[in-house]
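Structural features, examined
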Amino acid sequence: MARRPLLDFEKPLVELEEQIDQIRQLAKDSEVDVSQQLLQLETLAARRREEIFSNLTPAQKIQVARHPQRPSTLDYIQVLTDEFIELHGDRRGSDDQALVGGVGRIGDQGVVLLGHQKGRDTKENVARNFGMASPGGYRKAMRLMEHADRFRLPILSFIDTPGAYAGLLAEEQGQGEAIAVNLREMFRLRVPILATVIGEGGSGGALGIGVADRLLMFQHSVYTVASPEACASILWRDAGKAPVAAEALKITAPDLLKLGIIDEIIPEPSGGNHWAPRQAAEHLKAALLQQLAILKALSEESLVEQRYAKFRRMGRFLESGAQDASLSS
């Protein structure tokens, strides 16, 4: 059985993982009863993993959020929905694979789901542009949200991007305008909007589908004005100071909950969502259903008013984020 990839700070677990694999192979190849020894080692590994992940620094949480095996938007949609039909294209000649979406059903509730989509390997990441959406992706997202508004379907968005694609072609096609239109138009939507940071939420690329009535965030996800590497390069001209920038930017879920930017932290399984993706999806589903029940009880006017209030708080956070990092230098 292949061992799951371990992050740098998980190195203390390597020896235990190797022992567990050896004992499993022994049990498979012989009739020796090693269940007791295997149980003890697995319990010890779980305890050490819990200790490590309960004391992660912001820089280490970034590694977890960017883990190549961390569940993606389509992974969660597969578990969340009883039915799902992916819809393609922005009706202007583009179908961005970095941002996916469609209509689905969770129990008896019809919903529109959309989110950034990264790849599992280099080939898929190139095809998905590493989850960095182009203007066509944000226009596709807006088309889906207008569909949701027309048919009174709640919107579930999943944020997982280092930022919007900043290439020359994207700028020529109106990247800033596409995101700005989304920000403006999402305020007027008359249906509940639930956004969840499932991995890395970066800059305007995250905000382009992030204007929501409730903003949820997984325990080891990050949500940031700019990537710590970019921030360090700007402030100190040294990307190696990214851990210092990550600490100053207040990008972790507990910090953002304290600041009032997010509404709820969704717990992750021991070792992060990539260790138990099914369990992570169940946690997400329970949180979404609970928040959706609350939002459905509100009037359309109340939804819009709360959305404006939340985004004003987020605006103040965006303005102060870089200043805080600068003062820390």
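Computed from a predicted model, the values in this text were never measured in an experiment.

Let's talk about the packing of aromatic side chains
Scanning the entire structure with this criterion turns up three aromatic pairs. Both rings, one in Phe9 and one in Phe53, keep their centres 5.7 Å apart while their planes meet at 70 degrees; by these two values the pair is edge-to-face. Taken as a pair, Phe9 in the segment before α1 (14-29) and Phe53 in helix α2 (residues 35-53) lie far apart in primary sequence, 44 residues in all. Side by side, Phe9 and Phe53 carry an identical accessibility label, which is buried.

Let's talk about the pairing of strand β5 (residues 193-202)
Most of β5 sits inside the fold, with 10 of its 10 residues counted as buried. As judged from the six bridges shared by strand β4 (residues 155-161) and β5, these two strands associate in the parallel manner. When the sheet's bridge partners are listed, Ser157 is paired in β5 with Ala195. Looking at chain direction, β5 and strand β6 (residues 214-218) are connected through four bridges and run parallel. If you follow Ala195 over to β6, its bridge partner there is Leu215. In the sheet, β5 pairs with strand β7 (residues 222-224) via three bridges, with the strands oriented parallel. Residue Gly201 lies in a different strand from β7, and its bridge partner there is Tyr223.

Quick notes on the side chain of Asp149
Within the secondary structure layout, Asp149 lies in helix α6 (residues 135-150). Here Asp149 is in contact with Arg188, Leu189, Arg190 and Val191, once residues within four sequence places are set aside.

Overview of the pattern of salt bridges
Using the criterion set out here, one finds 18 salt bridges in the structure. Arg105 serves as the salt-bridge partner of Glu83, at 2.9 Å between the closest nitrogen and oxygen. Remark: Arg105 occurs in strand β2 (residues 99-106) and Glu83 occurs in strand β1 (residues 83-86); sequence separation between them is 22 residues. The exposure class of Arg105 is partly exposed, given its relative accessible area of 29%. Put simply, Arg190 and Asp149 hold a salt bridge, and the shortest N to O gap is 3.0 Å. With Arg190 in the loop between α8 (175-188) and β5 and Asp149 in helix α6, this residue pair connects regions lying 41 residues apart in the sequence. Salt bridges sharing partners connect three or more residues here, namely Glu146, Asp149, Arg184, Glu185, Arg188 and Arg190.

A look at the environment of Arg278
Looking at where Arg278 falls in the secondary structure, it is placed in helix α13 (residues 277-296). As a C-alpha pair, Arg278 and Ser302 span 24 residues in sequence and 34 Å in three-dimensional space.

Comments concerning the nonpolar core
Proteins that are soluble and globular tend to have nonpolar side chains buried together. Judged by nonpolar contacts, the single largest core of 38 residues is most densely connected at Leu114, Tyr138, Met145, Ile155, Ile159, Leu215 and Tyr223. Secondary structure elements with two or more residues in this core: β3 (109-116), α6, β4, α8, β5, α9 (203-207), β6 and α12 (253-259). Among the elements that make up this core, the one with the highest residue count is α6 (six residues). Not counting residues within four places of it along the chain, the set of residues in contact with Tyr138 comprises Leu99, His116, Ala133, Ala164, Gln175, Ala178, Ile179, Asn182, Gly205, Gly208 and Ile209. Counting residues in hydrophobic clusters, the runner-up holds 22 residues, among them Ile77, Ile198, Ile266 and Ala287.

Brief notes about unusual backbone geometry
Its identity as a non-glycine residue notwithstanding, Arg152 has a phi of 55 degrees, on the positive side. Considering the arrangement of structural elements, one finds Arg152 in the loop between α6 and β4. Even without a glycine there, the phi angle at Arg237 is positive, about 55 degrees. If you trace the backbone, Arg237 turns up in the loop between α10 (228-236) and α11 (242-249). On the basis of relative accessibility, which here comes to 77%, the residue Arg237 falls in the exposed class.

With respect to the confidence of the model for the chain
Looking at the chain as a whole, the pLDDT averages 87, with 91% of positions reaching at least 70. Scored below 50 in pLDDT, residues 325-329 makes nine contacts in the model with residues more than four places away or belonging to other chains.

Some thoughts on the packing of α10 against α11
Orientation of α10 relative to α11, taken along the N-to-C sense of each, is 105 degrees, at an axis distance of 8 Å. By the angle between their axes, α10 is roughly perpendicular relative to α11. Residue-level contacts link Pro228, Glu229, Cys231, Ala232 and Trp236 of α10 to Ala242, Val244, Ala245, Ala246 and Leu249 of α11.

Quick notes on α13
In this model, α13 (20 residues) spans 28 Å end to end at C-alpha, consistent with the 28 Å of a helix rising 1.5 Å per residue. Buried residues of α13: Ala280, Ala281, Leu284, Ala287, Leu288, Gln291, Leu292 and Leu295, and no others. The buried side chains of α13 occupy one side of the element, clustering within an arc of 135 degrees when seen end-on. Set apart from the buried face of α13 by more than 90 degrees, the exposed residues are Arg278 and Ala293.

The rules behind these values
- Residues numbered from 1 in each chain as written.
- Predicted model: local features only at pLDDT ≥ 70, side-chain atom pairs only at ≥ 80, totals over all residues.
- Heavy atoms only, no water.
- Phe/Tyr/Trp six-rings, centres within 6.5 Å; stacked < 30°, edge-to-face > 60°.
- Helix = DSSP H or I, 4+ residues; strand = E, 2+ residues; numbered from the N terminus.
- Buried < 20%, exposed > 50% of the residue type's maximum accessible area, 1.4 Å probe, protein only.
- Pairing = 2+ DSSP bridges.
- Contact = heavy atoms within 4.5 Å.
- Salt bridge = Lys/Arg side-chain N within 4 Å of Asp/Glu carboxyl O.
- Core = buried A, V, L, I, M, F, W, Y, C linked by side-chain atoms within 4.5 Å.
- pLDDT = per-residue confidence, 0-100.
- Axes fitted to C-alpha atoms, helices over the stretch in contact; angles between N-to-C directions.
- Parallel < 35°, antiparallel > 145°, perpendicular 65-115°, else oblique.
- Expected span 1.5 Å × (residues − 1).
- Arc of directions from axis to C-beta.

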